[in-house]
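Given next are the chains, with one letter for each unit.
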Amino acid sequence: MILPSYHIGPSSIAGAGQGLFVDEPVARGRLLVAPDAIDRVHRFEDILAHPDAARLLPATVRWFEDRYTVSTDWPDECYVNHAFEPTGLWHLGFIFAAADLSAGSEITVDYRHLLAPGQEEDFRDARTGQPIVGYTWQESLATSTRELAALLT
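The sections below set out a description of the structure shown in this document.

1. Observations regarding the overall build of the chain
- Counting secondary structure elements, the chain contains three helices and twelve strands.
- A compact globule built from 153 residues should have a C-alpha radius of gyration of about 15 Å, and the chain, at 15 Å, falls within 12% of that.
- Along the three orthogonal principal directions, the C-alpha set of the chain runs to about 45 × 35 × 35 Å.
- Buried positions account for 40% of the 153 residues belonging to the chain.
- Contacts in the chain between residues at least 24 apart in sequence constitute 60% of all its contacts with a sequence separation of at least 6.
- Charged side chains in the chain number 11 positive and 22 negative. The centres of these two groups are separated by 5 Å.

2. A word on the pairing of strand 6 (residues 67–70)
- Where strand 4 (residues 42–43) lies against strand 6, two bridges are found, and the strand directions are antiparallel. Looking at strand 6, one finds that His42 is bridged to Tyr68.
- With four bridges joining them, strand 5 (residues 60–64) and strand 6 adopt antiparallel strand pairing. Bridge assignment links Arg62 to a residue of strand 6, and that residue is Tyr68.
- What sits between the antiparallel neighbours strand 5 and strand 6 is a turn of two residues, in which Glu65 has the positive phi angle 40 degrees.

3. Topic: the sheet that holds strand 9 (residues 94–97)
- Strand order across the open sheet formed by three strands is 3-9-8, with antiparallel pairing between neighbours. Every other strand in the sheet has two partners, leaving strand 3 (31–33) and strand 8 (88–91) as the edge strands with one partner each. Adjacent strand axes in the sheet meet at a mean angle of 40 degrees when their direction is disregarded.
- Summarising the sheet, strand 8 and strand 9 pair through four bridges and their orientation is antiparallel. When the sheet's bridge partners are listed, Leu89 is paired in strand 9 with Phe96.

Parameters at a glance
Residues numbered from 1 in each chain as written. Predicted model: local features only at pLDDT ≥ 70, side-chain atom pairs only at ≥ 80, totals over all residues. Heavy atoms only, no water. Helix = DSSP H or I, 4+ residues; strand = E, 2+ residues; numbered from the N terminus. Rg over C-alpha atoms; globule rule 2.2 N^0.38 Å. Buried < 20%, exposed > 50% of the residue type's maximum accessible area, 1.4 Å probe, protein only. Contact = heavy atoms within 4.5 Å. Lys, Arg positive; Asp, Glu negative; His and termini not counted. Charge placed at Lys NZ, Arg CZ, Asp CG, Glu CD. Pairing = 2+ DSSP bridges. Axes fitted to C-alpha atoms, helices over the stretch in contact; angles between N-to-C directions.

Here it is as structure tokens:
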């Protein structure tokens, strides 16, 4: 569920295709996206073992530990693109505004939180050219918790 008014449009990130943009100013720390309609999570090894794994992997997002959702219906939340210096902070499936966002800002998150540990994204970070490699659960949780605490103080 995307909380502020928004639209999908051409991403400002080279090669990213479409992106998700807020249509109103959003204050730092405000919730941008909250999970909804999550009826099932899967172990990553089960996704990899699925006969259609190549189609499922791009639609796979880590929520906690070794549990992932697969959204092959591509809801609008899937238009949140990657950035190493994102406008949004991913924390346990929620996305918070990492700074004050003006209307027209593209919502981005660091995909290292969404990938399996050591899993490398099929593309590189557009700004740095660096690979995007999934954090361990402990790295993801510790990093996002520290960043969220800083946002809320």
